[in-house]
Amino acid sequence: MPGTVVISGCLAGLHVRYDSASRPHPALAELSARAILVPVCPEILGGLGIPRLRCRFFGGDGAAVLLGRAKVVDETGVDRTAAFLTGAEEVLRIVELVSPSLIVFKEGSPSCGLRRVDIAGTRQRGRGVVAARLKAYSIPMISEEDPLPDWLT
Ligand code: SF4
């Protein structure tokens, strides 16, 4: 039986990005052939629309947001932190429902980023809100920049 992979919706080819675009994973065909894909978009699940204004962190990354030490703000200065936190909890519900073998998240996103995010206008090391929320779970997480595990190639 194929494993289940939770994947950022934009990497699965869905047009859910802030600019209504998608960013299909370079190995999407292999992924869909070898696993059951469960696309998620935490920003949509958090109540933000398509298109929507681009967001960035102030005060720290997603881990700092979870601790109440940072916030996520859109281009007009509106605080969107609550939507990002809601989206992270909704993705967590999905992860608990489907028990994935792997999570593939979009690098650089204020929700999904695994290694780098935009903090106050510059790319810095850090995690998106949902990536930080899921860090405590023992589920492998990779980005589209990482090689796929052997069972998917
Ligand atoms: S929140 Fe995640 S899934 Fe949604 S568009 Fe951004 S990177 Fe893609």
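Going by the structure above, here's the rest.
Note that the structure is a prediction, hence the values are computed from the model and not measured.

*Asks:* It is not clear to me how the nonpolar core should be interpreted in this structure. Could you clarify?
*Replies:* Val129, Val130 and Ala131 are the most contacted members of the largest nonpolar core, which totals 34 residues. Elements with a minimum of two residues in this core: strand E1 (3-8), strand E2 (35-40), strand E3 (55-58), helix H4 (81-98), strand E5 (102-105) and helix H5 (129-133). Take this core: its biggest share by element is five residues, from H4. The residues contacting valine 129, other than those within four sequence positions of it, are Gly62, Val65, Val72, Phe84, Leu85, Ala88, Pro110 and Ser111.

*Asks:* Looking at this structure, I do not really get the pairing of strand E7 (residues 122-125). What am I missing?
*Replies:* Regular strands place side chains that alternate from one sheet face to the opposite one. With four bridges connecting them, strand E6 (residues 116-119) and E7 associate as antiparallel partners. Looking across to E7, one finds that arginine 116 is bridged to arginine 125. With antiparallel pairing between neighbouring strands as the criterion, E6 and E7 make up a hairpin whose turn holds two residues, including alanine 120 at a positive phi of roughly 55°.

*Asks:* For this particular structure, what's the right way to read H4?
*Replies:* Helical geometry note: an α-helix holds 3.6 residues per turn, so side chains three or four residues apart project in the same direction. Spanning 18 residues, H4 covers 26 Å between terminal C-alpha atoms, matching the ideal 26 Å at 1.5 Å per step. All of the buried residues in H4 are Ala83, Phe84, Gly87, Ala88, Val91 and Val95. In an axial view of H4, the angular spread of the buried residues amounts to 135°, which keeps them on one side of the axis. In H4, the exposed residues that point more than 90 degrees away from the buried face are Ala82, Arg93, Glu96 and Leu97. Elements in contact with the buried residues of H4: E1, E2, helix H2 (42-45), helix H3 (62-66), strand E4 (71-74) and H5. Serine 99 sits one or two residues past H4 and shows a positive phi near 40°.

*Asks:* Sorry if this is basic, but what is going on with the sheet that holds E2 here?
*Replies:* Strands pair in a sheet through their backbones, by hydrogen bonds, and they do so in one of two ways: parallel or antiparallel. Spatial strand order, E2-E1-E5-E8: four strands in an open sheet with parallel pairing. The two strands at the open ends of the sheet, each matched to only one other strand, are E2 and strand E8 (141-143). Recorded for the sheet is a direction-independent mean angle of 25° between the axes of neighbouring strands. Alignment of E5 against E8, held across three bridges, turns out to be parallel. What sits directly across from valine 104, in E8, is isoleucine 142.

Parameters at a glance
- Residues numbered from 1 in each chain as written.
- Predicted model: local features only at pLDDT ≥ 70, side-chain atom pairs only at ≥ 80, totals over all residues.
- Core = buried A, V, L, I, M, F, W, Y, C linked by C-beta atoms within 7 Å.
- Buried ≥ 20, exposed ≤ 12 C-beta atoms within 10 Å, placed from the backbone.
- Helix = DSSP H or I, 4+ residues; strand = E, 2+ residues; numbered from the N terminus.
- Contact = placed C-beta atoms within 7 Å.
- Pairing = 2+ DSSP bridges.
- Expected span 1.5 Å × (residues − 1).
- Arc of directions from axis to C-beta.
- Axes fitted to C-alpha atoms, helices over the stretch in contact; angles between N-to-C directions.

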